Amino acid sequence: MRRQLPEAEHTLLQQGTVIPAHPLALDHTRTLDERRQRALTRYYVDAGAGGIAVGVHTTQFEIRRPEIGLLRPVLELAAEELDARVGDRPFLRIAGVAGPTDQAVAEAELARELGYGAVLVSPGGLADRDLDYLLHRSAAIGEVLPVIGFYLQEAVGGRYLPRDYWRRLADQESTVAVKAAPFDRYRTLELVQGITDSGRGDEIALYTGNDDNIVADLLTPYDLPGPDGPVTRRFVGGLLGHWAVWTRAAVELHELVGKAWAGDESARVRALSLAAAVTDANAAVFDVRNDFAGVIAGVHEVLRRQGLLAGTWCLDPDETLSEGQAAEITRVCAAYEWLRAEDGFIAAGSEGWMS
């Protein structure tokens, strides 16, 4: 049985939107800080995001460990807040699923039980499995909820996935979107080519996860041969760890890109002028100088400075800010006024979000 998103959410996914990858709020004992976890969800909704992704890399894959047991609690908290806050507007509730087929299917069933509409299927941790296995796994998950395919960069556990893999994934009726996050231009192009090769290619929404190249991804037209002739494909939105911070600015950027695609040349020029700055900010937060070692702690550090988190604690005590990373975050915040503008928005809303 093919699982489908409700019509309004399906339309939103296809048209494109801002989807932050939801972090995990912990206290100094590395215990879930429920009040701040709820506050983060409220922030993303009020900032204008069109969805959130929970239980993904930014939420920390360790939440699945039996001794930690936080997968259900964090999914439940986000679902409760969305039920109370979103109202009638369409909003994409996406849960991350991981692990071998049985585990991933069980996680999808949990997500469906809690009201999530789609799942982001991580290929991480399955380097010893062949591509047929990954595709059969996606098909099994798709019996539970619509699937968003995921090209995860190798630095955080991903692997190379060739053009034909993406065609075959797009051929599966349960696939509704893909997130391209290989942090590699060649591989991103292969993904788009593979999706376009499928007879279902125009049914698959393309979302950037390339946090190092967000603006260029959103503005680039891909003119490619399709099964029935030439087609133009583009990334319609982003599902990004980077958008877990400065989310209102991300929404404004996405709106600017929309105007550019509608023919507003000044909007296109303005969006392009932000491209290098967005990448610069991402380099600081994601700790690229140290091979992404402080990526999650960097997201936490921005949220800590804004008062949304109490600290940068991660479930893994060794996962911390790298030497010099805090100074880099300070540098980019000082360099770009549009990042600092987020602070006022958060200051105005944080008391209500924390209540």
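Look up a bit, the structure's there.
From a predicted model like this one, the values you see are computed outputs, not experimental measurements.

(A) Expanded view of the overall build of the protein chain. Tallying secondary structure elements over the protein chain gives 13 helices and 10 strands in all. The C-alpha radius of gyration computed for the protein chain amounts to 19 Å, which stays within 12% of the reference 20 Å derived for 355 residues, consistent with globular compactness. Principal-axis analysis of the C-alpha atoms gives the protein chain an extent of 50 × 50 × 40 Å. For the protein chain, with 355 residues in total, the buried portion stands at 59%. Sequence-distant contacts, at least 24 apart, represent 77% of the contacts inside the protein chain between residues at least 6 apart.

(B) Molecular detail of the packing of aromatic side chains. Counted by the stated rule, this structure contains 9 aromatic pairs. For the pair Y165 and W166, a centre-to-centre distance of 5.0 Å together with 85 degrees between the ring planes defines the contact as edge-to-face. Taken individually, Y165 and W166 each receive the classification buried, so the pair is uniform in this respect. Aromatic ring contacts, followed pair by pair, group Y43, Y44, F345 and W353 into a single cluster.

(C) Highlighting the pattern of salt bridges. Counted under the stated rule, the structure contains 24 salt bridges. Between R36 and D33 there is a salt bridge, with the nearest N and O atoms lying 3.6 Å from each other. For R36, a relative accessible area of 14% puts it in the buried group. Overall, D33 belongs to the buried group, its relative accessible area being 16%. Here R72 ties to E113 by a salt bridge, and the two come within 3.2 Å at their closest N and O atoms. With R72 in helix α3 (residues 71-85) and E113 in helix α4 (residues 101-113), this pair connects stretches of sequence that are 41 residues apart. Put simply, E34, R38, R42, E80 and E81 are held in one network by salt bridges that share partners.

(D) Geometry of the side chain of Q193. With respect to the helices and strands, the residue Q193 is situated in helix α7 (residues 185-197). Owing to a relative accessible area of 18%, Q193 belongs among the buried residues under this scheme. Filtering out sequence-adjacent residues up to four positions away, Q193 remains in contact with R163 and L224.

(E) Structural view of the environment of F91. Relative to the helices and strands, F91 is located in the loop between α3 and β3 (92-97). Classification of F91 as buried rests on a relative accessible area of 4%. Expressed as a C-alpha distance, the spacing of F91 and D291, which sit 200 residues apart in the sequence, is 33 Å. Dropping the residues within four chain positions of it, F91 is found in contact with E9, L12, V45, A49, G50, G51, I52, L82 and V86.

(F) Main features of the packing of helix α9 (residues 247-261) against helix α10 (residues 265-286). Contact geometry of α9 with α10 gives a least axis separation of 8 Å together with a crossing angle of 140 degrees. Judged by the inter-axis angle, α9 sits oblique to α10. In the packing of α9 onto α10, the handedness of the crossing is left-handed. Note on element contacts: α10 touches α9 through A267, R268, R270, A271, L274 and V278, opposite L253, L256, V257, K259 and A260.

(G) Expanded view of the state of the cysteines. Per the counting criterion, the structure on display carries 0 disulfides. We note that C314 lacks a disulfide partner, and the nearest cysteine sulfur, in C333, lies 18 Å from it.

(H) Expanded view of helix α5 (residues 131-142). The end-to-end C-alpha distance of α5 is 16 Å, a good match for the 16 Å that 12 residues give at a rise of 1.5 Å each. For α5, the set of buried residues is Y133, L134, L135, R137, S138, I141 and G142. Residues of α5 that are buried sit in contact with β3, α4, β4 (118-121), β5 (147-152) and α6 (163-171). The distance from a side-chain oxygen at the start of α5 to the backbone nitrogen of D132 is 3.3 Å, and the residue carrying that oxygen is D130.

(I) Seen up close, unusual backbone geometry. Within the chain, R30 stands out as a residue other than glycine whose phi angle is a positive 60 degrees. Residue position: R30 is located in the loop between β1 (18-20) and α2 (34-47). Here the phi dihedral of Q60 falls at roughly 80 degrees; this positive angle occurs in a residue that is not glycine. By the secondary structure assignment, Q60 is in the loop between β2 (51-54) and α3.

(J) Molecular detail of the pairing of strand β7 (residues 205-208). Neither face of β7 is exposed, since A205 and Y207 on one face and L206 and T208 on the opposite face are all buried. In terms of handedness, the path from strand β6 (residues 175-181) via α7 over to β7 forms a crossover that is right-handed. Sheet topology note: the β7/strand β10 (residues 237-240) ladder contains 2 bridges and is parallel. Across the sheet, residue Y207 finds its bridge partner in β10, namely G237.

Rules of the game
Residues numbered from 1 in each chain as written. Predicted model: local features only at pLDDT ≥ 70, side-chain atom pairs only at ≥ 80, totals over all residues. Heavy atoms only, no water. Helix = DSSP H or I, 4+ residues; strand = E, 2+ residues; numbered from the N terminus. Rg over C-alpha atoms; globule rule 2.2 N^0.38 Å. Buried < 20%, exposed > 50% of the residue type's maximum accessible area, 1.4 Å probe, protein only. Contact = heavy atoms within 4.5 Å. Phe/Tyr/Trp six-rings, centres within 6.5 Å; stacked < 30°, edge-to-face > 60°. Salt bridge = Lys/Arg side-chain N within 4 Å of Asp/Glu carboxyl O. Axes fitted to C-alpha atoms, helices over the stretch in contact; angles between N-to-C directions. Parallel < 35°, antiparallel > 145°, perpendicular 65-115°, else oblique. Left-handed = near helix turned anticlockwise from the far one by under 90°. Disulfide = S-S within 2.5 Å. Expected span 1.5 Å × (residues − 1). Polar contact = N/O pair within 3.5 Å; in protein donor to acceptor, adjacent residues only side chain to side chain. Right-handed = clockwise from strand over helix to strand, strands pointing away. Pairing = 2+ DSSP bridges.

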